[in-house]
Amino acid sequence: MGRVIGLRCMSCGRIYSPDEVEYVCPRCGPIKGTLEVLYDYDDLKKNLKVADIERGPLSQWRYLPLLPVSGSRGLPRLRVGWTPLYRSKNLEKDFDFGELWLKDDGLNPSGSLKDRASQVAVAHALEKGRDIMVAASTGNAASSLAVNAAPEGIRTVILVPERAPRAKLAQLLVFGAEVYQVRGTYDDAYDLSIELALRKGWYLRSTAYNPYLGEGKKTVALELAEQLRWKAPDWVVIPVGDGCIFQSVWKGFRDLYRIGFIDSLPRLIGVQAEGCSPLKKAFFEGKETVEVKPVSTIADSIMVANPRDQVKALKAARESGGTFISISDQEILAAIRTLARKEGIFSEPAAASVVAALPRVRELVSDGDRVVLLLTGNGLKDIDSAMKSVDRGPITVSDLDELLGKIGG
Ligand SMILES: Cc1ncc(COP(=O)(O)O)c(C=O)c1O
Ligand SMILES: [Zn+2]
């Protein structure tokens, strides 16, 4: 069980053995030639039982039979995954949803969903005897790699865009990563990471290039289904940059469906920023790849001009009967506040985008539908944006008289 039997190219359909190809389809190249990880689904269907999973640890390692690592050389020890799924108390009523749920992945060790992918990549590197890893990242993928690699003794070399928020840089440096800030955008850092890893022979953890990352991210879907007692929700709403989380959520639900653990599939809604919505545009124009144009948004984690998982993400949206929507930076800032004050969850801008999208999501769903919002990153990651989202700052006082003069009520 859990053995990868092949890697299938998303464009030409060719299936490679895992020993034959490490990253992308050699014929189709990056973006078009992203690979899908295949397991022996017949064997899993016959031999894997719900109870086997439920007996596992309270972390993403409970899904080991559905992951591309054997665990034979030990597994990285940080507790990644098994994050809370809350029924929304207030937003559900305010926006008139039948059922609204919040999956708080900002509670992972480095504060984002990316820990799921990085931990699987680190486990994979350990099994392959690789001890240096390279990643390009808007910030979270890299900081999650630094956090998960440090205790395993793996050296990390990180390329980030000039604009990465300081908290993400601080995480990287504290966990001992070697950090290079690339003059330019995330897209520039990404291309450089591939050149560097191939030149040096180091193991690359850059989204969509490395096929195993999505397998880590898919555990959020496995968890959601389990937390809902092995039922898929009707809809999952997901912030989208490269599209890797989006396609991985779809892969996770499809894997569970194929092995008979769930009997329906959700529809996926991808949320992009108005200033950066190449996937939404391609989706509505019926295209399979995006047109690359300059982009800008306050939500740095989803500021991606050329989404590297675009082929899989567009396919996932279409196959699931889902869609893409976009929201403005002002709506994102307001949503950080709303989510915190209504539900007690502090999210970074990219994650709060799914809350900003609620009015539009409500128009798409039916009255009784069960809707899950994926909250992908913690608010402490980007304090500057958080400060912009609040309506008043602290008031300075020296003594009781001044305090009584200024205090309301
Ligand atoms: C907090 C957060 N949300 C959403 C995303 C978007 O994920 P993807 O690039 O896989 O679409 C990222 C990616 O960096 C992220 O860090
Ligand atoms: Zn191919």
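The present account deals with the structure reproduced in this document. (Residues numbered from 1 in each chain as written. Chains lettered and ligands numbered in written order. Predicted model: local features only at pLDDT ≥ 70, side-chain atom pairs only at ≥ 80, totals over all residues.)

## Quick notes on the overall build of the protein chain
Within the protein chain one finds 17 helices and 13 strands. What you see for the protein chain is a C-alpha radius of gyration of 21 Å, in line with the 22 Å of a compact globule of 409 residues. Within the span of the protein chain, comprising 409 residues, buried residues form 53% of the whole. (Helix = DSSP H or I, 4+ residues; strand = E, 2+ residues; numbered from the N terminus. Rg over C-alpha atoms; globule rule 2.2 N^0.38 Å. Buried ≥ 20, exposed ≤ 12 C-beta atoms within 10 Å, placed from the backbone.)

## A closer look at the site of ligand 1
Surrounding ligand 1, one finds 21 residues, the nearest of these being N140, G241, D242, C244 and G377. In terms of residue count, helix α10 (residues 244-258) provides more of the shell around ligand 1 than any other element does, 3 residues in total. Considered class by class, the residues forming the shell around ligand 1 number 9 nonpolar, 9 polar and 3 charged. (Near = placed C-beta within 6 Å. Nonpolar A, V, L, I, M, F, W, Y, C, P; charged D, E, K, R; others polar.)

## Here we look at helix α9 (residues 219-227)
Counting buried positions along α9 gives 8 out of 9 residues, so the element sits mostly inside the fold. All of the buried residues along α9 are T219, V220, A221, L222, E223, L224, A225 and E226. R229 sits one or two positions beyond α9 and adopts a positive phi of about 60°.

## Concerning the environment of K251
By the element assignment, K251 lies in helix α10. Taking the C-alpha atoms as reference, K251 lies 9.6 Å from K312; in sequence the two are 61 residues apart. Leave out the neighbours within four places in its chain, and K251 touches G214 and K218. (Contact = placed C-beta atoms within 7 Å.)

## Some remarks on the sheet that holds strand β2 (residues 15-16)
Strand order across the open sheet formed by 3 strands is β2-β1-β3, with antiparallel pairing between neighbours. Every interior strand has two partners, whereas the edge strands, β2 and β3 (35-39), have only one. (Pairing = 2+ DSSP bridges.)

## Some remarks on unusual backbone geometry
Of note in the backbone geometry, D96 takes a positive phi value of approximately 60° without being a glycine. On the secondary structure map, D96 appears in the loop between α3 (91-94) and β5 (99-104). Overall, D96 belongs to the exposed group, with 10 C-beta atoms counted inside 10 Å. The phi dihedral of A208 falls on the positive side, at around 75°, and the residue is not glycine. Its location among the elements puts A208 in the loop between β9 (203-204) and α8 (213-217). Of the residues examined, A208 has 26 C-beta atoms within 10 Å and is grouped as buried.

## Focus: the nonpolar core
Core analysis: the biggest nonpolar cluster contains 121 residues, and V237, I238, V249, I332 and V354 have the highest contact counts within it. When residues of this core are assigned to their parent elements, the largest contribution, 7 residues, is made by α10. Excluding anything up to four places from it in sequence, I238 contacts I245, F246, V249, L268, G270, V271, V354 and L374. (Core = buried A, V, L, I, M, F, W, Y, C linked by C-beta atoms within 7 Å.)

## Here we look at the packing of α10 against helix α12 (residues 310-320)
Look at α10 against α12: their axes get within 8 Å of each other, and the N-to-C directions meet at 45°. Comparing the axis directions of α10 and α12 gives the class oblique. Crossing angle aside, the handedness with which α10 passes α12 is left-handed. Taken together, the residues of α12 that come into contact with α10 (itself represented by F246, Q247 and W250) are K312, A313, A316 and S320. Partitioning the contact of α10 with α12 into residue classes produces 4 nonpolar, 2 polar and 1 charged. (Axes fitted to C-alpha atoms, helices over the stretch in contact; angles between N-to-C directions. Parallel < 35°, antiparallel > 145°, perpendicular 65-115°, else oblique. Left-handed = near helix turned anticlockwise from the far one by under 90°.)

## Section: the sheet that holds strand β11 (residues 267-273)
If you walk across this open sheet you meet the 6 strands as β4-β5-β13-β10-β11-β12, and the pairing is mixed. A strand with exactly one partner marks an edge of an open sheet, and here the two such strands are β4 (85-87) and β12 (323-327). The sheet shows a mean angle of 25° between the axes of neighbouring strands, taken without regard to direction. The sheet contact formed by β4 and β5 spans 3 bridges and is antiparallel. Bridge assignment links R87 to a residue of β5, and that residue is W101. Taken strand by strand, α12 contacts β11 and β12, and its axis lies near 135° from that of β11. Helix α14 (residues 349-356) rests against β10 (235-239), β11, β12 and β13 (370-375) of the sheet, and its axis sits at about 140° to β10.

## Some points on the pairing of β11
In terms of burial, β11 is largely enclosed, as 7 of its 7 residues are buried. Across the two faces of β11 the burial is the same, with R267, I269, V271 and A273 and L268, G270 and Q272 all buried. With 5 bridges connecting them, β10 and β11 associate as parallel partners. Opposite I238, over in β11, you have G270 as the bridge partner. Each parallel crossover has a hand, and the one from β10 via α10 to β11 is right-handed. In the sheet, β11 pairs with β12 via 5 bridges, with the strands oriented parallel. (Right-handed = clockwise from strand over helix to strand, strands pointing away.)

## Overview of the environment of F283
Within the element layout of this structure, F283 appears in helix α11 (residues 278-284). The sequence separation of F283 and G6 amounts to 277 residues, and the corresponding C-alpha distance is 28 Å. Residues contacting F283, with those up to four places away along its chain left out, are L314, A317, T323 and F324.

## As for helix α5 (residues 140-149)
With respect to burial, α5 is a largely interior element, 10 of its 10 residues being buried. Those residues of α5 not exposed but buried are N140, A141, A142, S143, S144, L145, A146, V147, N148 and A149.

## With respect to the packing of α5 against helix α6 (residues 166-174)
In contact at an axis separation of 8 Å, α5 and α6 are set at 25° when each is read in the N-to-C sense. Comparing their axes, α6 and α5 come out roughly parallel. For α5 against α6, the interelement crossing comes out left-handed. Contacts between α5 and α6 involve N140, A142, S143, A146 and V147 on the former and, on the latter, K168, Q171 and L172. Taken together, the residues that form the contact of α5 with α6 break down as 4 nonpolar, 3 polar and 1 charged.

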